[in-house]
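Here is what each chain is made of, one letter per residue.
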Amino acid sequence: MSAPDIVIDARDVTLSLGKGPARVEILRGIDLTVRRGDTLALLGPSGSGKSSLMAVLSGLERASGGTIHVAGADFGTLGEDQLALARRGRIGIILQAFHLLPTMTALENVAVPLELAGHADAFALARAELDAVGLRHRTGHYPMQLSGGEQQRVAIARATACHPALIFADEPTGNLDAATGETIMDLLFARQRETGATLVMITHDAALATRCDRTVTLRDGRIVADAPSGDPLSGDPA
Ligand SMILES: Nc1ncnc2c1ncn2[C@@H]1O[C@H](COP(=O)(O)OP(=O)(O)OP(=O)(O)O)[C@@H](O)[C@H]1O
Ligand SMILES: [Mg+2]
């Protein structure tokens, strides 16, 4: 592939899981191109394949068919270890349930991935990152000592600390009240702009989707709409 400003290039991507009669076709031929610095909302009913698509585009799950290039790496040609390396430093992931390591402080949760990515000054960088998300005063706290909103701030700091080309967020405000969710979204978009990252965000919230440049709608494992956010065509035609 591909022009250097293309961060995601997915062609005819399929995903089937399970064996025999239990086999499920989860993704049924996804074509998706995302440019550097774009913000993309992924909408669609429960079970339509949003999280599965995120899993294959982030290299957490291997596609059953098709090709995926992310930030210059051809996922189809990489082994498991190489995939993990390709993710590291390139891709930041933020999940609904935060997924912080409970035995590590906020600072350690952010610093350890930086150390794994080979940053000698991981703890200094992690401190600066926690500062940027407004948690300077909570660096020594463990996840269970933090509120949901604070935990998601740590998760955002962890995801953006390496200045990844690509940030994936799966319903990042799904476990938060409306006001906290709004603050978290402001923060996520601010960090996205400041780091120049591309953002792919799964949401059930059509209003939230309009904050992204573009809205892609999935249904039954297929893209059924792909248009600038707010465009009448960006809705689900079904
Ligand atoms: N490991 C698995 N084995 C079999 N089927 C799976 C597996 N993981 C997901 N599925 C199925 O794939 C479909 C898509 O799931 P996915 O989690 O991607 O949906 P989603 O759009 O993220 O839904 P939600 O909005 O509820 O999070 C669902 O029907 C789900 O049951
Ligand atoms: Mg999901």
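Residues numbered from 1 in each chain as written. Chains lettered and ligands numbered in written order. Predicted model: local features only at pLDDT ≥ 70, side-chain atom pairs only at ≥ 80, totals over all residues.

Engineer: Kindly report on the sheet that holds strand S6 (residues 91–95), identifying the contributing residues and their values.
Structural biologist: One open sheet holds the 6 strands; their spatial order is S6-S7-S8-S3-S9-S10, and the pairing between them is mixed. At either end of the open sheet lies a strand with only one pairing partner, and these are S6 and strand S10 (222–228). Sheet twist, expressed as the mean angle between neighbouring strand axes with direction ignored, is 15°. For strand S3 (residues 39–43) and strand S8 (residues 198–202), the ladder comprises 4 bridges, and the chain directions are parallel. The residue bridging alanine 41 from the neighbouring strand is methionine 201, located in S8. Across the sheet, helix H5 (residues 148–160) lies against S6 and strand S7 (166–170), angled at about 165° from S6, the strand it touches most. (Pairing = 2+ DSSP bridges. Helix = DSSP H or I, 4+ residues; strand = E, 2+ residues; numbered from the N terminus. Axes fitted to C-alpha atoms, helices over the stretch in contact; angles between N-to-C directions. Contact = placed C-beta atoms within 7 Å.)

Engineer: Tell me what's going on with the sheet that holds strand S5 (residues 73–74), and back it up with residues and numbers.
Structural biologist: On the basis of which strands lie adjacent, the open sheet formed by 4 strands has the order S2-S1-S4-S5 and antiparallel pairing. Two strands bound the open sheet, and with one partner strand each, they are strand S2 (24–35) and S5.

Engineer: Now, about the site of ligand 1: what can you tell me, with residues and values included?
Structural biologist: As a structural note, the neighbourhood of ligand 1 is formed by Leu17, Gly18, Val24, Ile26, Gly44, Ser46, Gly47, Ser48, Gly49, Lys50, Ser51 and Ser52. Contributions of two or more residues to the shell around ligand 1 are made by S2 and helix H1 (50–57). Considering each element in turn, the shell around ligand 1 owes the most residues, 3 residues, to H1. Its residues assigned to classes, the shell around ligand 1 comprises 3 nonpolar, 8 polar and 1 charged. (Near = placed C-beta within 6 Å. Nonpolar A, V, L, I, M, F, W, Y, C, P; charged D, E, K, R; others polar.)

Engineer: A description of the pairing of S8 should follow, citing residues and the corresponding values.
Structural biologist: Regular strands place side chains that alternate from one sheet face to the opposite one. Of all 5 residues that make up S8, 5 are buried, and the element is covered over most of its length. Going residue by residue along S8, you find Thr198, Val200 and Ile202 tucked away on one face and Leu199 and Met201 tucked away on the opposite face as well. Across 5 bridges, S7 lies against S8 in parallel orientation. Residue phenylalanine 168 lies in a different strand from S8, and its bridge partner there is valine 200. (Buried ≥ 20, exposed ≤ 12 C-beta atoms within 10 Å, placed from the backbone.)

Engineer: Quick one: what's the story with the nonpolar core, residue by residue and with numbers?
Structural biologist: One finds Leu42, Val56, Val110 and Ala126 to be the most contacted residues of the largest nonpolar core, which totals 63 residues. Excluding its chain neighbours within four sequence positions, the residues that come into contact with valine 110 are Ala126, Glu129, Leu130, Val154, Ala157, Arg158 and Ala161. (Core = buried A, V, L, I, M, F, W, Y, C linked by C-beta atoms within 7 Å.)

Engineer: Tell me about the packing of helix H3 (residues 106–116) against H5, residues and numbers included.
Structural biologist: Interhelical geometry of H3 versus H5 gives an angle of 20° and a closest axis separation of 8 Å. One element, H3, and the other, H5, form an angle in the roughly parallel class. By crossing handedness, the relation of H3 to H5 is classed as right-handed. Contacts from Ala106, Asn109, Val110 and Pro113 of H3 reach H5 at Val154, Ala157 and Arg158. Grouping the amino acids of the contact of H3 with H5 by side-chain chemistry returns 5 nonpolar, 1 polar and 1 charged. (Parallel < 35°, antiparallel > 145°, perpendicular 65-115°, else oblique. Left-handed = near helix turned anticlockwise from the far one by under 90°.)

Engineer: Describe unusual backbone geometry, with residues and values.
Structural biologist: Of note, histidine 99 is a non-glycine position whose phi angle comes to about 55°, a positive value. Relative to the helices and strands, histidine 99 is located in the loop between S6 and H3. The exposure class assigned to histidine 99 is partly exposed, which follows from the 14 C-beta atoms found within 10 Å. The phi dihedral of aspartate 220 is positive, around 50°, even though this residue is not glycine. You can see aspartate 220 is positioned in the loop between strand S9 (214–219) and S10.

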